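# A structural walkthrough
Here are the chains, one letter per residue:
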Amino acid sequence: MPLCFRCSALTPEVLSNTYPRSADPENFEFYKHLDSLDELRQSAKTCDLCALILRALELNADCNHAKLTVKPSASSELYARPSSVFFLDPGQPLNLPNVDFDLSGHFNGRLSVYTTEDDPAARSRDVVGHEVPLDPESPATFATIRHWLSDCLSKHDNCRLRATDLTTEQVSEPPVDLPSRLIYVGDGTDSDPIRLVETGGQVGIYACLSHCWGKYQIITTTKASFRDRLETIPFEELSKTFQDAVTIVQRIGTTRYIWIDSLCIIQDDLEDWRRESLLMGGIYRKAQYTIAATGAEDGTVGCFIPRSPPELPPVTIPYTSPRYGNSPCKMTFTISTGSDYNLVDLAPLSRRGWTLQERILSRRTIHFTAEKVFFECQRRIICEDGQEDPHYFRVRQSLDLPQYDEPESTDSARNYGGEDWQIKWPIWWRWMKLVEEYSKRNLTKSMDKLIAVYGLAGELRRRTTDKYCAGMWMESLHFSLAWKAQFVGAFKRPETYRAPSWSWASVDGPTILSLSPFHSQRASSTAFEFYNDTDLGFEPSRAEVKMLVKHKTILYSERATSYTSSGEVKGRVLIDIHSKKAVGSGTLDFEPQNLPVQVECFLLYTVHSEWSGSVTYTHGVLLGEKVVGQQGMWRRLGAGELSTDIFGDVGEEQVSL
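The sections below set out a description of the structure shown in this document. (Residues numbered from 1 in each chain as written. Predicted model: local features only at pLDDT ≥ 70, side-chain atom pairs only at ≥ 80, totals over all residues. Heavy atoms only, no water.)

### Points about the sheet that holds strand β13 (residues 328-335)
Spatially, six strands are ordered β1-β2-β3-β4-β13-β12 in an open sheet, and the strand pairing comes out antiparallel. Of all strands in the sheet, those with a lone pairing partner are β1 (31-34) and β12 (315-320), marking the two edges. Neighbour to neighbour, the strand axes of the sheet diverge by 30 degrees on average, direction disregarded. When strand β2 (residues 78-82) meets strand β3 (residues 98-103), the two strands line up antiparallel, connected through five bridges. Counted as the bridge partner of leucine 78 is leucine 103 from β3. Taken strand by strand, helix α4 (residues 48-63) contacts β1, β2, β3, β4 (108-114), β12 and β13, and its axis lies near 130 degrees from that of β4. (Pairing = 2+ DSSP bridges. Helix = DSSP H or I, 4+ residues; strand = E, 2+ residues; numbered from the N terminus. Axes fitted to C-alpha atoms, helices over the stretch in contact; angles between N-to-C directions. Contact = heavy atoms within 4.5 Å.)

If you want it as structure tokens, here you go:
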């Protein structure tokens, strides 16, 4: 079908004119496409691009569980606007990967935009979108991957382990200490077979694989098969994911070696497994890149997941423009495949516990998802369709290890005396956000709860002199002890003991640490110390926390404070026993059958907030009970916040958890 006159005029030059030239909202002038939804529906019968726009709006409505309708009395004018930046200075390129079509604020449909590399709009960086091949193994896909890797190796200083003198033509970096074993991928011929190799302390370049083991048995190395693996590993015996990973390493071509956990660790040798598990964080950190089978829930799926053709075919607009010297150009529109955030952060790989540290510690990760390939490094995240946004992925944005440029922590530094706190606050804050993300993930073996983040803890330990124990940092205990369930009943108790009650590792379920530490003060002279601690995580931790703290008995009532969107109780009202007044809210890790119940309330910290000239205080507390038969020993039950200071002249006491 031909294009309507409005669609024919939709060029980068027109879209660039919709941008305001300053931060003045009154300067916004978007490209008016059509006058109403009815007009769009009518035009879609004869215009291919209008049909695409209409379908994109319908998909947006479906995502919001709504019908694409507008009240007769309401405006339904349709406007087109670039989705790449908010403000554009004269001469600045559009960097256009998408165009949004806004139906007067009621619905928004997004179309992806791309052109060829030699098109004037691409050379000027007005259109940065790329066509996504239907074949994930296509030469075009691997050319893009090699370009990403080369660009990162040659230009991104913060993605390197150490400074190098690479030129823009180089696609390698200095060799590193190799893991004790690697898989040699060969050249794909019988004369150069895939096999396990022992590196013997050599240096070199290698890749890693991050994958879901899944419920199907995958090939492993055992004591019995170890010698055979050194001779050869038949390609057909590998899982689909392992086969694809071998192919990827061969086709990228910067190394012939890859580390795969099930093959490089002797699975039935406990000593070998423990030794290699402690090194796992460094293995991923030193790898040149990590292949992530992000869209695969098990080894049968692989990295090369078949892609479905678009529901409606792409629409290409040919045009000429003075912006490009009236050279012939073209721009292609297709329906956006959805949220890139969902393709990675909600993918099967992102639901597994071990893979969190694999992703965060890897300097470069190539994500193979169900629809696109992504490249993630310390500098940026870029998609196969050309979208690039360093703040796009929630996990990377929230949990990436800090470069000491976090939000200002002046108050904290002042409270604790020194610039050192301006460095430590961001590290501990990131650790708390990491715990929140990690607590949502699944582990096949419950006892791996602490060892699966040991590499991350080790990386943070390199940046601070703080003491780490059972998933907690000593100098931040005054606020991190206040972790709690996302809602009442969210936690499950593990079948076997693995950590003390004061550690988040003692429970399973979504955990939150909701209060910002940047304006918190340690309660009075509250002090903490670890005792009987071991931090490796292989054996259940029997560590204790000793603290000098104020505490008082309080009533945990049956009254709910608020509810989640799904109807779960978020917390219960805490009541002062003497005044009978509500003084705050709290959540027990595991609620008793009968409420209310008396619990002990330990003051941890105070947060002050200023608003319209008034100051309010929130007191973070730990809820606990006495351990029968052990003098001065308490067991954590939960945590909460008080809006009223109930402690008054109560003195501090030395207690143990």
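### Side note on unusual backbone geometry
Along the chain, leucine 595 connects to proline 596 via a cis peptide bond; the corresponding omega equals 5 degrees. By the secondary structure assignment, proline 596 is in the loop between β26 (582-588) and β27 (597-611). Positive phi, normally seen in glycine, also occurs at serine 104, with a value near 50 degrees. Note that serine 104 resides in the loop between β3 and β4. Positive phi is not limited to glycine here, since alanine 470 has a value of about 50 degrees.

### A short note on helix α8 (residues 240-252)
Over its 13 residues, α8 runs 18 Å from end to end, which matches the ideal 18 Å to within 8%, given 1.5 Å per residue. For α8, the buried fraction is high: ten of the 13 residues fall into the buried class. By the burial criterion, the buried members of α8 are Thr241, Phe242, Gln243, Asp244, Ala245, Val246, Thr247, Ile248, Val249 and Ile252. Close packing links the buried residues of α8 with α6 (139-155), β9 (207-210), β10 (257-259), α9 (261-264), β11 (289-292) and β14 (364-368). (Expected span 1.5 Å × (residues − 1). Buried < 20%, exposed > 50% of the residue type's maximum accessible area, 1.4 Å probe, protein only.)

### Section: the sheet that holds β9
Read across the open sheet, the eight strands follow the order β7-β6-β10-β9-β11-β14-β15-β16; overall the sheet is mixed. Across the chains shown, the open sheet's two edge strands, defined by having one partner strand only, are β7 (195-198) and β16 (381-383). Shown here is a sheet whose adjacent strand axes are inclined to one another by a mean of 30 degrees, direction ignored. Across two bridges, β9 lies against β10 in parallel orientation. Counterpart to cysteine 208 in the pairing with β10 is tryptophan 259. Strands in contact with helix α10 (residues 270-286) are β6 (181-184), β9, β10 and β11; relative to β9, the strand with the most contacts, it is inclined by about 110 degrees.

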